[in-house]
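What follows is the residue order along each chain.
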Amino acid sequence: MEERAFAFHHLPFTIYHYREMTKPISYADAGVDIDAATRATDRIKLLAKQTFNAQTLSEIGTFGGMFDGAFPKLSRPVLVASADGVGTKLKIAFLGGVHNTIGRDLVNHCVNDILVQGARPLFFLDYIATGKLLPDVVASIVEGIAQGSKENGCVLLGGETAEMPDFYAEGEYDVAGFIVGVVDKDKIIDGKQIGAGDILLALPSVGLHTNGYSLARKLFFEVAGYEVNTRLEELNMTVGDALLQPHVSYLKSLDGLLDSGMIKGLAHITGGGLTDNIPRILPRGTAVEIKKASWPILSVFRLMQKIGNVSEAEMYRTFNMGVGMVIVTSQSAADRVKSYLQRHNEQVYEIGRVIEGQQNVMYSA
């Protein structure tokens, strides 16, 4: 490219002369492979179709997904929507070359987010963005999304795969999910009836789920100097396996209780841990007291705290500490709720109670 400066009425400006290309430039030359996108879409169609049901009115590949909005069994249906990602847990997937679990994590996280209001999922959409589209990797991600959708009775209605050269590091991608569910207006769980004396029950997590990974990566890889394939006796597995433990969906465990009237509130324990998530459902004038020894703390959390000498307050505000979902119920209903969950092979722990206070969490030994 040649550059020359001229003057026109004493005002300087620049004229650019571009060399003509003898070879035609294509989209592929700019780093976007349309053929690879087509191959990925063909595989996605097959995976998504496995999640379709009678309310699905469109195919993958149309400009918009269509879903029958008739709910004859609900008197006043209310749609509940949420969107989320899986954060820097993706970095562990990149390091380990494991891409077929992230999608399931994403669906389960979103399902839990609408579950706390009593909603059951209807359909899910995904967004996958990468620098260079690799059909096998994209198919693995969507495989996990489709699996999670099927397990939750949710239709994978559509999505977007974007190839964005120079935007992401080689071999990396980002993924986000969007979910829509429905709840009868009279069955909405909103925490408004929570009061002093109510009981807190906890359903266990199986690991970090999808939160706290920036601190976890710093502790394991920078402070301790471990590799993703380092096997740790404390965990009886590799670092990578420990950090890729799945994000659990609590839909099946709680499904039979959602319409019972026994659940006053639900809190999905994500970023912010118990400390910041439980207050989101507390009405004014209430707080909670949690007994720290009332459920088993997973080994991965104890190890991270030891590696970095992390304060207890920091741990409880960053990680779920072994609790994935908190149920608030009355004293009179607590035993029935526990009995139901135990009959359905779900572990449940009584971890605290609601007290008078300022919408905060207090911990006791």
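Note that the structure is a prediction, hence the values are computed from the model and not measured.

A.B. asks: Would you mind going over the sheet that holds strand β11 (residues 286-291) with me for this structure?
C.D. replies: Two orientations exist for strands paired in a sheet by backbone hydrogen bonds: parallel and antiparallel. With mixed pairing, six strands are arranged side by side in an open sheet as β10-β12-β7-β13-β11-β14. Bordering the open sheet on either side are β10 (265-268) and β14 (361-364), each of which pairs with just one other strand. Across the sheet, the mean angle separating the axes of adjacent strands is 25° when strand polarity is ignored. Two elements, strand β7 (residues 199-204) and strand β13 (residues 349-356), share four bridges in a ladder whose sense is antiparallel. By the bridge assignment, Leu200 is partnered in β13 with Gly352. Here helix α3 (residues 102-115) sits on the sheet and contacts β10 and β12 (323-329); the angle it forms with β10, its principal contact strand, is near 155°. On the sheet, helix α11 (residues 331-343) packs against β7, β12 and β13 and is oriented at approximately 15° with respect to β7.

A.B. asks: How do you make sense of the sheet that holds strand β6 (residues 173-184) when you look at a structure like this?
C.D. replies: Read from one edge to the other, the open sheet built from four strands follows the order β3-β6-β4-β5, with strand pairing classed as mixed. The sheet is open, and its two edges are formed by β3 (77-85) and β5 (155-163), each paired on a single side. Taken over all neighbouring pairs, the strand axes of this sheet differ in orientation by 15° on average, direction set aside. In the packing of α3 onto the sheet, the strands contacted are β3, β4 (120-130) and β6, and the crossing angle to β6 comes to about 35°.

A.B. asks: Sorry, what's going on with the pairing of β11 here?
C.D. replies: The pairing of β11 with β13 spans five bridges and is antiparallel. Bridge pairing in β13 places Val288 opposite Val354. Bridge count between β11 and β14: four bridges; the pairing is parallel. Note on β14: the bridge partner recorded for Lys291 is Ser364.

A.B. asks: Explanation requested: the nonpolar core in the structure shown.
C.D. replies: Phe124, Leu254, Leu266 and Leu341 are the most contacted members of the largest nonpolar core, which totals 53 residues. Counting residues per element, this core draws most heavily on α3, which supplies seven residues. Ignoring any residue separated from it by four or fewer positions in sequence, one finds Leu341 in contact with Leu203, Ser253, Leu254, Leu257, Ile327, Glu346 and Val348. In this structure, Val228, Val288, Val310 and Val354 belong to the second largest nonpolar core, which totals 41 residues.

A.B. asks: Help me out: how do you make sense of the environment of Ala169 in this one?
C.D. replies: For Ala169, the location among the structural elements is in the loop between β5 and β6. For the pair Ala169 and Val361, spaced 192 residues apart in the sequence, the C-alpha separation amounts to 40 Å.

A.B. asks: Help me out: how do you make sense of the pattern of salt bridges in this one?
C.D. replies: When charged atoms on two side chains of opposite charge get close, those side chains can pair. Taken as a whole and judged by the stated rule, the model has 15 salt bridges. Where Arg120 meets Asp259, a salt bridge forms, and the shortest distance between an N and an O atom there is 3.2 Å. In this pair, Arg120 sits in strand β4 while Asp259 sits in the loop between α7 (251-254) and β10, placing the two residues 139 residues apart along the sequence. By relative accessible area, Asp259 is classed as partly exposed at 39%. Each of Arg120, Asp255 and Asp259 takes part in salt bridges that share partners, so that together they form one network.

A.B. asks: Just checking my understanding: could you explain the packing of helix α5 (residues 213-223) against helix α9 (residues 299-308) for this structure?
C.D. replies: Describing two packed helices takes the angle between their axes plus the distance from one axis to the other. In the contact formed by α5 and α9, the axes pass within 10 Å of each other and the chain directions differ by 60°. Compared by their axis directions, α5 and α9 come out oblique. At the point where α5 passes α9, the crossing takes the left-handed sense. Contacts between α5 and α9 involve Ala216, Leu219, Phe220 and Val223 on the former and, on the latter, Val300, Leu303, Met304, Ile307 and Gly308. Grouping the amino acids of the contact of α5 with α9 by side-chain chemistry returns eight nonpolar, one polar and no charged.

A.B. asks: Teacher, can you tell me more about the environment of Ile199 here?
C.D. replies: With respect to the helices and strands, the residue Ile199 is situated in strand β7. For Ile199, a relative accessible area of 11% gives the class buried. Between the alpha carbons of Ile199 and Ile351 there is a distance of 8.0 Å; along the sequence they are 152 residues apart. Residues within four places of Ile199 in sequence aside, it is in contact with Ile327, Val328, Thr329, Ser330, Gln331, Ala334, Glu350, Gly352 and Arg353.

Definitions and limits used
Residues numbered from 1 in each chain as written. Predicted model: local features only at pLDDT ≥ 70, side-chain atom pairs only at ≥ 80, totals over all residues. Heavy atoms only, no water. Pairing = 2+ DSSP bridges. Helix = DSSP H or I, 4+ residues; strand = E, 2+ residues; numbered from the N terminus. Axes fitted to C-alpha atoms, helices over the stretch in contact; angles between N-to-C directions. Contact = heavy atoms within 4.5 Å. Core = buried A, V, L, I, M, F, W, Y, C linked by side-chain atoms within 4.5 Å. Buried < 20%, exposed > 50% of the residue type's maximum accessible area, 1.4 Å probe, protein only. Salt bridge = Lys/Arg side-chain N within 4 Å of Asp/Glu carboxyl O. Parallel < 35°, antiparallel > 145°, perpendicular 65-115°, else oblique. Left-handed = near helix turned anticlockwise from the far one by under 90°. Nonpolar A, V, L, I, M, F, W, Y, C, P; charged D, E, K, R; others polar.

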